[in-house]
Amino acid sequence: MVEVEVFQYNILGENTILLIDESRNCVVIDPGMQSENEKRSFDDHLSQRSLTLKSILLTHLHIDHVYGVGHLQQCYSVPVYGPKSEQEYLFLNEQLSDVWGLPVQDSFEINVDTHDGDTISISTMRFDVLTVPGHSVGGTLYYMSEEGILISGDVLFRGSIGRSDFPGGSERQLLEGIRRKVLTLPEATIVYPGHGATTTIGDERRHLAFFA
């Protein structure tokens, strides 16, 4: 069994997902810790629970989803998995910081490029990679079929879908990818989005207005 913890970080209310297996190894997806207090609190949580961080997975590289990556990579020397096709966003994030008055993210390196159809095994955890562009160029979802868990990033939310008006966005690609790759998953699959509350594939099939 995999335990899931969700932390809400930074001024944009991003969901940072922590997955813990029975051996107390863990993976963090989209670490969005922005402030020093948030970073320290997350570190303390790992220590207090005697958890061993094994890797970082990224759904995409928008600034609110990567604030804590550099800190964790430096402190824990763990590999970062994610879509290298989005590395241009790291430059755009700097511009966004200036325009919106946001703190600049720490630098980091993606060690393992993710592609649609990949399978990632970390400790006892297995992730199937689904790529759905549209919100971002290489939007990546992580599906754990045995646990019935989907980490959807900013592709799918409870009752909504991601924005497509950012650079590299496409509503057509986003809707097509959700229809073909996401809503075809088992109805009982629990969806952990990049913002807001959890949902299930079944609920989104029935109620998502975009596909009514």
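Here's a quick rundown of the structure. Starting afresh in each chain, residues are numbered from 1 along the sequence in its written order. Residue-level local features of this predicted model are given only where pLDDT is at least 70; pairs of side-chain atoms are given and counted only at 80 or more, and the full residue set underlies all totals for whole chains, interfaces and linings. By convention in this description, side-chain values take in all heavy atoms of the structure and omit both hydrogens and water.

Attention now moves to the nonpolar core. Among buried residues, those of type Ala, Val, Leu, Ile, Met, Phe, Trp, Tyr and Cys that are joined through side-chain atoms within 4.5 Å constitute a nonpolar core. Exposure is judged per residue with a 1.4 Å probe applied to protein chains only, and the accessible area is read against the type maximum: over 50% gives exposed, under 20% gives buried, and values in between give partly exposed. With 23 residues, the main nonpolar core has L18, F42, I56, L58, L61 and F108 as its most contacted residues. Helix and strand labels come from DSSP, where a helix needs a run of H or I of at least four residues and a strand needs a run of E of at least two; each type is numbered from the N terminus. Secondary structure elements with two or more residues in this core: β1 (3-9), β2 (14-20), β3 (25-29), α1 (36-48), β4 (52-57), α2 (69-76) and α3 (88-100). Here, residues are in contact when the closest pair of their heavy atoms is within 4.5 Å. Those residues within four positions of L18 in sequence are excluded, and the remaining contacts are E3, V4, E5, F7, C26, V27, V28, F42, H45, L46 and L51. In terms of nonpolar packing, the next biggest core, distinct from the first, is built from 18 residues, Y143, L174, L185 and F211 among them.

Turning to the sheet that holds strand β7 (residues 119-122), a few remarks are in order. Paired strands are those between which DSSP finds at least two bridges. Spatially, 6 strands are ordered β7-β8-β9-β10-β13-β14 in an open sheet, and the strand pairing comes out mixed. Pairing within the sheet leaves two strands with one partner each, and these edge strands are β7 and β14 (199-200). In this sheet, strand β9 (residues 140-144) lies alongside strand β8 (residues 125-131) in antiparallel orientation, the contact comprising 4 bridges. Paired with L130 across the bridge in β9 is L141.

What follows concerns the pattern of salt bridges. Salt bridges are defined as contacts in which a side-chain nitrogen from Lys or Arg sits within 4 Å of a carboxyl oxygen from Asp or Glu. Summed over the entire model, instances satisfying the criterion amount to 12 salt bridges. Here K39 makes a salt bridge to D106, at a shortest N to O gap of 3.0 Å. Highlighted residues: K39 in helix α1 and D106 in the loop between α3 and β6 (112-113), separated in sequence by 67 residues. Residue class for K39 comes out buried when judged on its relative accessible area of 6%. Relative accessible area serves as the criterion here: at 31%, D106 is assigned to the partly exposed category. R206 is paired through a salt bridge with E187; the nearest N and O atoms lie 3.3 Å apart. Residue R206 is located in helix α5 (residues 201-207), and its partner E187 is located in the loop between α4 (171-182) and β13 (190-193); the two are separated by 19 residues in the primary sequence. Given a relative accessible area of 41%, E187 falls into the partly exposed group.

What follows is about the pairing of β1. One ladder, built from 7 bridges, connects β1 with β2; its direction is antiparallel. Along β2, the bridge assignment pairs V4 with L19. With antiparallel pairing between neighbouring strands as the criterion, β1 and β2 make up a hairpin whose turn holds 4 residues, including N10 at a positive phi of roughly 60°.

Tracing the chain through its elements places P133 in the loop between β8 and β9. Sequence separation between P133 and R49 is 84 residues; the distance between their C-alpha atoms is 36 Å. Contacts of P133, omitting those with residues within four sequence positions, involve G139, Q173 and L174.

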